Amino acid sequence: MRLPTLMPSLGLMTCTLVLMLPLLASCHPARTSGQPSLVFMEQFSRPRLGFNWRNITCPLCKAVFTILDIALLSDTNEERVARAVGEACIRLHLADELVCREITELFRDDFIRALQESLLWPSEACALLVGPSCGKFDIYAPWNITLPKVPKPPVAPPSPPKPGSPQSRILFLTDIHWDKEYEAGSAADCKDPLCCRKDSGSPSWRRREAGYWGTYSKCDLPLRTVENLLENAARTGPWDWVYWTGDIPAHNVWSQTRKQQLSELTVISRLIHKHLGPNVTVYPAVGNHESTPVNSFPPPFVHGNRSSAWLYNTMAEEWSAWLPEQALITLRYGGFYTVEIQPGLRVVSLNMNFCARENFWLMVNSTDPANQLQWLVHVLQASEDKGEKVHIIGHIPPGLCLGSWSWNYYHIVSRYESTITGQFFGHTHLDEFQMFYDEMTLTRPLGVAFIAPSATTYVNLNPGYRVYYVDGNYKGSSHLVLDHETYILNLTKANHSPGAPFNPEPNPKWTLLYRATEAYGLSSLFPSDFNGLIRTFINDDRVFQKFWYFRHKGHVSEPCKETCKTTVLCFLRSGRYDELEQCDLLNGFGGNLVKAARKTLC
C-alpha cells in the first residue's frame, strides 16, 4: 500500500518521534531547589530532548499510529518513516540538526524492526504515551514466574557477627561513563545533550569551562580521572573482590558505533585489570549504555546481526580472566551469570536491561525475557538447598523496572529472603537505596537494594565510588552488609591548586565523604536499620538533610523540603514499582511521581 501523504504529516512525524524519545533519555541527577512546585523535576526528572508528549491528544495519537502500523507493513516506507522522525526532531527544535540526523540514523533499523515484530496496537501505544485514559497497554500485562513447591524456611532475624569476626571488603564501581572526546577548557554548558567535548565550542566565561579532572555540568569523565580513581582504589586495597555494574560509554548516544562501544569496553576492562591486579576478581554486570543504540537489548530469540552477540561475545573475551567458563556461557546467551565467590557465598549478575521500559525490544515480548527470572529462581533454590548465601548485582534498581518484572523480582526476594543477603545496583548516579518488605503487610523489612553513586560527574556531581564491608568468610557467616563508605574527588579542590587557582592539582586526593554507620548512628546496615533510618528521616529533618547531601556526593546547593522530601521517602520505600505508584496515589501526586521516576532510567 502506497502512502504518498506520509512525509507531509507532521502528526506522523511527531508521534513516531514520541515513541522514540524515551529511548534517548539521559540520566540527570536532581536539582536541589526546595520549591514544592518543582518537586518532580528536582527529584527524578532527567533532561530529555525537550518534547512533551502529553500534549498529544488521544484521537490524534491513535490516528497517527494506525497510519504508522500500515506504513510499516511495507519495507519501502521505512526510509520515509526514518526521515519523518529526523524532520520532526529538527522542526520541534529538540536538538541540534546534526544530533537529530545522527540519532535517527542510529536507531532506525533496530527500532523499526522491533516495532514491526511487536503486537503493538494503536490503543496500546497511545496508552503508554498519552495515558490509561487513551487505552490499555496489554503488551506489558501481568505475568508470573513459577516458584518451586518447596516450603519457605522459617525466617530468623539477622544478628550482628561476634566481635573480631572476619569481614570482606568489596570495591564497588558503577557508571564510569568515559568520554573519549572530553577536553579541558571547552564549553561546559553547550546546546548538545553532552558537553565538555572537543566539539562543544568555547565557553562564554571562564567559570563555565570544562575542568581538568571533571566538571559540574552535563559532562562525563576524561580517561585520566578514571585512571586516577583506579590508582587510588589500588592504593587503598587490598580488596577481597570487586562488583562493577556497568555503563562504560559516555552519554553521546546519538553518535555511537558498535566499534566504539567495544573499544571502550576493552579499554576500561583492561585498565581495571591492570590497576587492581591479577589477584583481584571482578564481577561485572551489563549497563544500559553498553549497547548501541542505547537501551537496545534484544532477547535471545533475536538472531543474526540485530542480536546482542556482538556485545556479549566481547564481554566474555574481556572478562574471561575473572569468570569461569560456565558463567561465560550464560553471559554470551543473555548477559547474565552466576559464580561461587567462596564456599558459602554466590553472586548472581542480572541483565537488568530485560526489565527496562526503554528497551524497545520488549515491545515484542516482555514476559520474563531470556527466562532470566526463572533461571534466578533455579539458582536461588539450589543455593537454599546447599545453605549458600547469594549476592545479586545489576545495573538498574528493581524498583524502577517494568511493573510485572518488578513485582516478580520482589516476590522472589520475599521467598528467598534468608538466602539473598545483598542486592547491589547503580544507574541513578546518586547515593540512595530502596526497601523490600514482607508481601502480606508491607511492614516487615526483609531486604535492601543498595544503589551506589556513580564514578561520572553527570550531572553536577563529584566523581565517586563505594566500598562495602560484608560479614566475612567463616563458617556460619551471614554475608550481610555491615557498613559502607563513599569516596569522592572534590572537583572544586582538584581543579584548582592552592596558590594557583587556574591550575589543577597534579595528584588529587580522593577523600572519604562518609561511613554509613558513623554518619547515621547505626550499629549495622540490616533491613531493620534502614527501615528505622527512614522513620528518622521523617521525624528528624537534620538527619534527612545529611542524607540529601550524601545522596549528591557532597555537591548540593539547596535543601530538600516539604513535597520534595515526600517524593524521596516514597522512592526509598519502593523496592517494587507498584509500591511507587501506591505512594504516588496516597500522597496526591496524581501519577506525576511515577512518570518522573521512569525518567531516572539513564
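Residues numbered from 1 in each chain as written. Predicted model: local features only at pLDDT ≥ 70, side-chain atom pairs only at ≥ 80, totals over all residues. Heavy atoms only, no water.

Asker: Could you clarify how one ought to interpret the state of the cysteines in this entry?
Answerer: Cysteine pairs can be linked by a disulfide, which is a covalent bond between their two sulfur atoms. Counted by the stated rule, this structure contains 5 disulfides. Covalently, Cys196 is tied to Cys219 through a disulfide, its sulfur atoms 2.0 Å apart. Since a negative S-S torsion denotes a left-handed disulfide, the Cys196-Cys219 link at about 60° is right-handed. Residue Cys196 is found in the loop between strand S1 (167-173) and helix H7 (223-235), and its partner Cys219 is found in the loop between S1 and H7; the two are separated by 23 residues along the sequence. Residue Cys196 shares its accessibility class with Cys219, and that shared class is buried. (Disulfide = S-S within 2.5 Å. Helix = DSSP H or I, 4+ residues; strand = E, 2+ residues; numbered from the N terminus. Buried < 20%, exposed > 50% of the residue type's maximum accessible area, 1.4 Å probe, protein only.)

Asker: Would you mind showing me how to read the UniProt feature "binding site: Zn(2+) 2" (unreviewed entry) in the protein here?
Answerer: Sequence positions flagged by UniProt for "binding site: Zn(2+) 2" (unreviewed entry) are, in local numbering, Asp247, Asn288, His395 and His427. The annotated residues occupy 181 residues of the chain but converge on a single region, no pair of C-alpha atoms lying more than 8.5 Å apart. Looking at the secondary structure, you find His395 in the loop between strand S6 (389-393) and helix H12 (403-415). Exposure remark for His395: the relative accessible area of 1% places this residue in the buried category. Once you skip the residues sitting within four places of it in the chain, His395 turns out to touch Thr174, Asp175, Thr245, Gly246, Asp247, Val286, Gly287, Asn288, Met352, Phe425, Gly426 and His427. Among the polar contacts listed, one links the side chain of His395 to the backbone oxygen of Thr245, at a separation of 2.7 Å. (UniProt positions renumbered as here; feature names shortened; annotations may be inferred. Contact = heavy atoms within 4.5 Å. Polar contact = N/O pair within 3.5 Å; in protein donor to acceptor, adjacent residues only side chain to side chain.)

Asker: Hey, could you run me through the sheet that holds S6 in this one?
Answerer: Sheet strands associate in pairs through backbone hydrogen bonding, adopting either a parallel or an antiparallel arrangement. Spatial strand order, S4-S5-S6-S7-S9-S8: 6 strands in an open sheet with mixed pairing. Taken across any chain shown, the strands that pair with only one partner, and hence form the sheet edges, are strand S4 (337-342) and strand S8 (432-437). Along the sheet, successive strands turn relative to each other by an average axial angle of 25°, direction set aside. When S4 meets strand S5 (residues 345-349), the two strands line up antiparallel, connected through 5 bridges. From the neighbouring strand, Gln342 faces S5, where its bridge partner is Leu345. Each of S8 and strand S9 (445-451) touches helix H17 (residues 562-573); the most contacted strand, S8, lies at about 55° to it. (Pairing = 2+ DSSP bridges. Axes fitted to C-alpha atoms, helices over the stretch in contact; angles between N-to-C directions.)

Asker: Help me out: how do you make sense of the packing of aromatic side chains in this one?
Answerer: Here the distance between the centres and the angle between the planes together describe a pair of aromatic rings. According to the stated counting rule, one finds 29 aromatic pairs in the structure shown. With centroids separated by 6.0 Å and ring planes inclined at 65°, the aromatic side chains of Trp244 and Trp319 adopt a geometry described as edge-to-face. One end of the pair, Trp244, is in strand S2 (residues 241-244); the other, Trp319, is in the loop between helix H9 (309-318) and helix H10 (325-334), and 75 residues separate them in sequence. Given a relative accessible area of 1%, Trp244 falls into the buried group. Look at Trp319 and you get buried, because its relative accessible area is 2%. Between Phe450 and Tyr468 the ring centres are 5.6 Å apart and the planes differ by 70°, which places this aromatic pair in the edge-to-face class. (Phe/Tyr/Trp six-rings, centres within 6.5 Å; stacked < 30°, edge-to-face > 60°.)

Asker: Is there a simple way to think about helix H8 (residues 258-276) in this case?
Answerer: Because an α-helix packs 3.6 residues into every turn, residues spaced three or four apart end up facing the same way. Between its terminal C-alpha atoms H8 stretches 27 Å, which fits the 27 Å expected from 19 residues at 1.5 Å a residue. Those residues of H8 that sit buried are Gln260, Gln261, Leu262, Glu264, Leu265, Thr266, Ile268, Ser269, Leu271, Ile272, His275 and Leu276. Here the buried face of H8 lies against S1, H7, S2, strand S3 (282-284) and H9. Just downstream of H8 lies Gly277, where phi reads positive at about 95°. (Expected span 1.5 Å × (residues − 1).)

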